[in-house]
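Chains, contacts and geometry: an overview
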Amino acid sequence: MRRRLTIKYYVEPDPAALARRAACHLVEMASEAAEANGRARIAVSGGSTPKAAFQLLADPEQPFRKRMPWEDLELFWVDERTVPPDHPDSNYHMTREALLDHVPLHPQQVHRMEGELDPEVAAARYESELRNTFRLEGAETPRFDLISLGMGDDGHTASLFPHTAAIHEMSHLVTANHVPQKDAWRITLTWPVINQASSVFFLIAGADKAERIHEVFMGPRDPERLPSQLIWPSSGILTLFLDKAAAALLPATNGEGCGVLERER
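Note that the structure is a prediction, hence the values are computed from the model and not measured. Throughout, residues of each chain are indexed from 1 in the direction in which the sequence is written. Given that the model is predicted, a residue must reach a pLDDT of at least 70 before its local features are reported, and side-chain atom pairs must reach 80 or more before they are shown or counted; all residues, however, enter totals for whole chains, interfaces and linings. Calculated side-chain values reflect all of the structure's heavy atoms, with hydrogen atoms and water omitted.

Once that is clear, we can look at helix α1 (residues 15-37). Residues that lie three or four places apart on an α-helix share one face, since the helix turns once every 3.6 residues. Compared with the 33 Å implied by 1.5 Å per residue over 23 residues, the 32 Å span of α1 between its first and last C-alpha is a close match. With a 1.4 Å probe rolled over the protein chains alone, any residue whose accessible area is under 20% of its type maximum counts as buried; one over 50% counts as exposed, and the rest are partly exposed. Runs of E in the DSSP output that reach at least two residues are strands. Runs of H or I that reach at least four are helices, and both are numbered from the N terminus. Restricting attention to buried positions, one finds in α1 the residues Ala17, Leu18, Ala19, Ala22, Ala23, His25, Leu26, Val27, Met29, Ala30, Ala33 and Ala34. Positioned one or two residues after α1, Gly38 has a phi angle of 85°, which is positive. A helix is expected to span 1.5 Å for every residue after the first.

In structure tokens:
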């Protein structure tokens, strides 16, 4: 049976407006999940654009902080570098400085990947954390309320890099992935876990991503080379938040800055 995917993309004029759009979306989706389920389980990515959104969420002068249901939020990570939590390259470190140090989240609400450990150990421990937190049994997959993704100029997302073992991993929730291109190990959620989330969105800025965005979302299917194509949510809907430069090669949006692509496989 063929599967359809509706890709909704929203284009903002610049990175600052894009960060505001992302902060608004995070608040809206967390609030909906908290109201429906009593909690909101969100997995976030690293990068400069998420950082700007996190800073808006943490800013007491902005409306987002007051609207976020902090007491019902559980925060997870999509991926992590194999560095200590205080290292400048750590995704957790970025999130802590931009967000966690400034908002009312208790330690038990924050589920970080332990990048300072051996990668295989860290992946196994995070998988156990997910199983315990989501109370999973057997082959069950966690269902996050929202997952935020970025995309590299090589087409990778999370730490699913081109031509690496993690893009073929389907039996684990979390995996350690050796990335020869970076001469490094990464810890990452696997793509079946990402696709099981209730809602998934990409947050991408910059003219250097425009060609790859067009290739990933409009070109032939080649996930070995373009792992972002593995993201095909079970909901049948994928959302993209882009700045004008990143969206330059996509079809023009409507008067509200929104466009729609339909894919099938």
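A word on the side chain of Thr190. Within the element layout of this structure, Thr190 appears in the loop between β8 (184-189) and α6 (191-196). Accessibility expressed as a relative area gives 0% for Thr190, which makes it buried. Excluding residues within four positions of it along the chain, Thr190 makes contact with Glu169, His172, Leu173, Val174 and Thr175. Two residues form a contact once any of their heavy atoms are found within 4.5 Å.

So, on to the sheet that holds strand β6 (residues 146-149). When DSSP locates at least two bridges between a pair of strands, those strands are taken to pair. Read across the open sheet, the eight strands follow the order β5-β3-β2-β6-β9-β10-β1-β11; overall the sheet is mixed. Of all strands in the sheet, those with a lone pairing partner are β5 (110-111) and β11 (258-264), marking the two edges. Inspection of the sheet shows strand β1 (residues 4-12) paired to strand β10 (residues 237-243) by seven bridges, in the parallel sense. Looking across to β10, one finds that Lys8 is bridged to Thr239.

The next point concerns the environment of Thr49. Relative to the helices and strands, Thr49 resides in helix α2 (residues 48-58). Sequence separation between Thr49 and Tyr92 is 43 residues, and the spatial gap between their C-alpha atoms is 15 Å.

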